[in-house]
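# Descriptive analysis of the structure
Chain by chain, the residues:
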Amino acid sequence: MEKQHQFFTTPIYYVNAKPHLGHAYTSIAADVATRYKRMDNLDTYFLTGTDEHGDKIVQAAEKENTSPKAYADRISRLFKDLLPLLHIENDQFIRTTDTDHIKVVQAILTKIHDSGDIYFSSYEGIYCFGCERFYQERELVDGKCPDHGVEPQVIKESNYFFKMSKYQDWLIDHIKSNPDFIRPEQYKNEILSFLKEPLEDLCISRPKSRLTWGITLPFDQDYVTYVWFDALVNYISALGYPDKNKFKKFWPSTRHFVAKDIIKPHGIYWPIMLKAAGLPIYDGLNVHGFWNIKGSKMSKSIGNVTDPIEVTQEFGVDQFRYFLMREMVFGLDANFTEDVIVSRINSDLANDLGNLVSRVLSMNHRYFNGKVMGAATLVEYSLETDAVKAIDAFKGAMEICQFHKGLASTWTFISAMNKYIDTHEPWSLAKDESKESTLGTVLYNLMEGLRVVSCLIYPVMPETSRKIQLALGLDLPARGFFKLDQILPWGQIKKDVCLDKPEILFPRIEIKNQVPTQTKNAAIKREKPFKPPLKEEITFDDFSKIDLRTGTILSAEKIEKSNKLLKLMVDLGPETRQVIAGIGKNYAPDDLIGKQVIVVANLKEARIMGETSQGMILAATHKKKLILSGFDKEFSPGNPVK
Ligand code: MSP
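What comes next is a walk through the structure.

Procedures and definitions
Within each chain, residue numbers correspond to sequence positions counted from 1 in written order. Note on the predicted model: pLDDT of at least 70 is required for a residue's local features to be given, and 80 or more for side-chain atom pairs to be given and counted; whole-chain, interface and lining totals, by contrast, use all residues. Side-chain metrics rest on all non-hydrogen atoms present in the structure, leaving aside hydrogens and water. Exposure categories follow from relative accessible area, calculated using a 1.4 Å probe and restricted to protein chains: below 20% of the type maximum is buried, above 50% is exposed, and the middle band is partly exposed. A run of H or I in DSSP counts as a helix once it spans at least four residues, and a run of E counts as a strand once it spans at least two, with each numbered from the N terminus. Whether two strands pair depends on DSSP finding at least two bridges between them. Points on a 1 Å grid over protein atoms alone make up a cavity when a 1.4 Å probe fits among them but cannot get out, and a pocket when they form an open set with protein on both sides within 12 Å along at least five of seven lines; lining residues each have an atom within 4 Å of a point. Grid points are joined across faces, edges and corners, and a volume is the space filled by probe spheres set on the points. Under the convention adopted here, Pro, Cys and the residues Ala, Val, Leu, Ile, Met, Phe, Trp and Tyr are nonpolar, Asp, Glu, Lys and Arg are charged, and Gly plus all remaining residues are polar. By definition in these notes, contact holds between two residues if any of their heavy atoms fall within 4.5 Å. Neighbouring residues are identified by heavy atoms, a residue being near a molecule or strand if any of them is within 4 Å of it. Here a polar contact means two N or O atoms within 3.5 Å. Within protein one must be a hydrogen donor candidate and the other an acceptor candidate, and residues neighboring in sequence count only if both atoms are side-chain atoms. Using a 1.4 Å probe, the Shrake-Rupley method yields the accessible areas, and only the shown protein chains count as cover for residues.

### What about the pairing of strand 19 (residues 576-581)?
- Within strand 19, six of the six residues are buried, leaving the element largely enclosed by the surrounding structure.
- Across the two faces of strand 19 the burial is the same, with Thr576, Gln578 and Ile580 and Arg577, Val579 and Ala581 all buried.
- Strand direction decides the pairing type here: strand 18 (residues 566-571) and strand 19, joined by six bridges, are antiparallel. Bridge assignment links Asp571 to a residue of strand 19, and that residue is Thr576.
- Counting the residues in the hairpin turn of strand 18 and strand 19 gives four residues, including Gly573, whose phi is positive at 85 degrees.

Structure below.
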């Protein structure tokens, strides 16, 4: 039977430090998966929250001279407040200090204890106080704790243990007979290979003499439960186990999102705990890799812990979400540097997507004053086949959380649309009055293509999706997104509506420490009569470094506070550039629309009067006037000038 409900979770994060980019990634990934499933008509529930008990929290609170609860309240708030800033739409935020959660943990412990799977025993082992856990000899590096670099101490302690070993064969069988239980494959193999060794029983308690900041065992008041028996249970306590409707509806249709650091508790302890408690096992675990920062592990001592709020403030929320989902191959590690995010934003978002939207809507404005000319009647001009391919590839990838592939297939469609413009040359069709209906059809198909793209980017970039849909004059559905089965049929944009001029969706990001080259030479005072100064000779190689391209001016407007600067949008074929040009004294903005010019396309970006300029257009000077260079024939923009 087709599923109707799906429950998504993130790990509940420790409150021993504030949220960083890694936490943001898991929460955004789970948000993207949830949004996608909502598009697929499923009733979803999305849970995240904080893990607040344990020694680490006590120590962190002591450092701040405060109580564990007050400390946990403060940090938990930071995790909670981060969610709307990242446009994450969670349904619930759980804290392990919530009374309801504590009651459920105790109920589960009682159940498993009563069935005989929890026993009391004394244990001698090597213990790292920093990690608050016992180690196996084989886990040590040179006899030391791999995290703290100190020799663990031998301690003897009586504790409660959970009989995991009893369920080892059952678990191996469960994993093998449910191929989607742990995804991607490499993590399933990791767990199966771990399960080749005999499983040790899990120590689940700490004596209160050593740790009080935890949940008291219902069958022994002198002990608290330790870490995983508290934390993992959040996934069902949040739903109101055992009898609330939410629990009945969403459990066990659950996919947990975690990184590779906690696959053992999620892939081994948790299913066995559920089995021992007589509960159905969750559907599956989605495991991702780690974000490194400039090639190094994120760590306080290196000082490279990256704050997601700062990144979104600098680059924008949709840009950050896109970058995270596109750059990381789900399952593998990825690297965060400012260069990589800037290059993703400038090339994928500003150049590919942003320019496509701006090109299509600008042309519709130029040729039809913004009016949508109508339905695609000419099959040969349709982009529908490419759109269908993109939708199918997107679904296939999103179903298995390969978000980067889902985006890549959408970008393949974006490239196909850019090629379609070059093939059909709307600017040539515009010259021929008899081709007006073909021009309308070509533009309509492009707008339909944009509509499809706007739907496919929704899970990752909800805000941009909405902006494009509004720009296309679409009525937004009540919940703010189109469902998968509403994307087709082709031809939903209303005919005859008038669309506004496009706004820039993604401003290009300037590379830091850049000298505004365009203004550098502007102030040279010249003797009269003017004689062009003879410049230093250059080689052919020097000259060939300059990338000159033909461009068509799509729009022009005056820059306030300047009597000569104009802001031009110039179509360069595969992309549209904003160029600030000092020709305002010689040309009226309206006279420039549609003009072909020569653009220096590889000039470093510069800021001029607060505006970004992404190139320079060539003009001759004559009697103090500027005369734009041009050609005696019109043709498509973007050609090299030799
Ligand atoms: N409290 C436990 C989880 C209990 S779940 C029942 C815990 N908390 S944690 O704060 O350490 O969070 C670990 C999780 O944070 C990882 O599994 C991952 O989701 C996220 N990440 C932490 N660092 C990360 C990276 N460097 N990169 C990607 N994700 C990372 O473990």
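### Topic: the environment of Gln313
- Summarising the element assignment, Gln313 is placed in helix 11 (residues 308-315).
- In this structure Gln313 comes out as exposed when scored by relative accessible area, which is 64%.
- Separated by 228 residues in the primary sequence, Gln313 and Leu85 have C-alpha atoms spaced 9.6 Å apart.

### So, empty space enclosed by the protein
- Under the criterion given, the structure shown has two cavities of 30 Å³ or more.
- Each pocket or cavity is described by its volume, and for the largest cavity that value is around 60 Å³.
- For the largest cavity, the full set of lining residues is Tyr14, Asp51, His53, Gly54, Leu211, Thr225, Tyr226, Val227 and Asp230.
- Broken down by class, the residue content of the lining of the largest cavity amounts to four nonpolar, three polar and two charged.
- Roughly 50 Å³ of volume is contained in the second largest cavity.
- Elements that contribute at least two residues to the lining of the second largest cavity include exactly helix 1 (21-39) and helix 3 (68-85).
- When residues of the lining of the second largest cavity are assigned to their parent elements, the largest contribution, three residues, is made by helix 3.

### Some words on the environment of Val105
- Of note, Val105 is situated in helix 4 (residues 99-114).
- Taking the relative accessible area as the measure of exposure, Val105 reaches 1% and is therefore buried.
- C-alpha separation for the pair Val105 and Ala471, spaced 366 residues apart in sequence, amounts to 50 Å.
- Those residues in contact with Val105 that sit more than four places away from it in its chain are Ile215, Thr225, Phe229, Asp230 and Val233.

### Let's talk about the site of the ligand
- Around the ligand lies a shell of 23 residues, among which Ile12, Thr26, Asp51, Asp261 and Trp291 are the nearest.
- In the environment of the ligand, a nitrogen atom lies 2.9 Å from a nitrogen or oxygen atom belonging to the backbone of Trp291.
- Relative to its free-state accessible area of 670 Å², the ligand is covered by the protein chains to the extent of 93%.
- Listing elements by their share of the shell around the ligand, those giving two or more residues are strand 1 (5-14), helix 1, helix 7 (228-231) and helix 8 (234-237).
- For the shell around the ligand, the element with the highest residue contribution is strand 1, accounting for four residues.
- Among the residues forming the shell around the ligand, the class breakdown is 13 nonpolar, eight polar and two charged.

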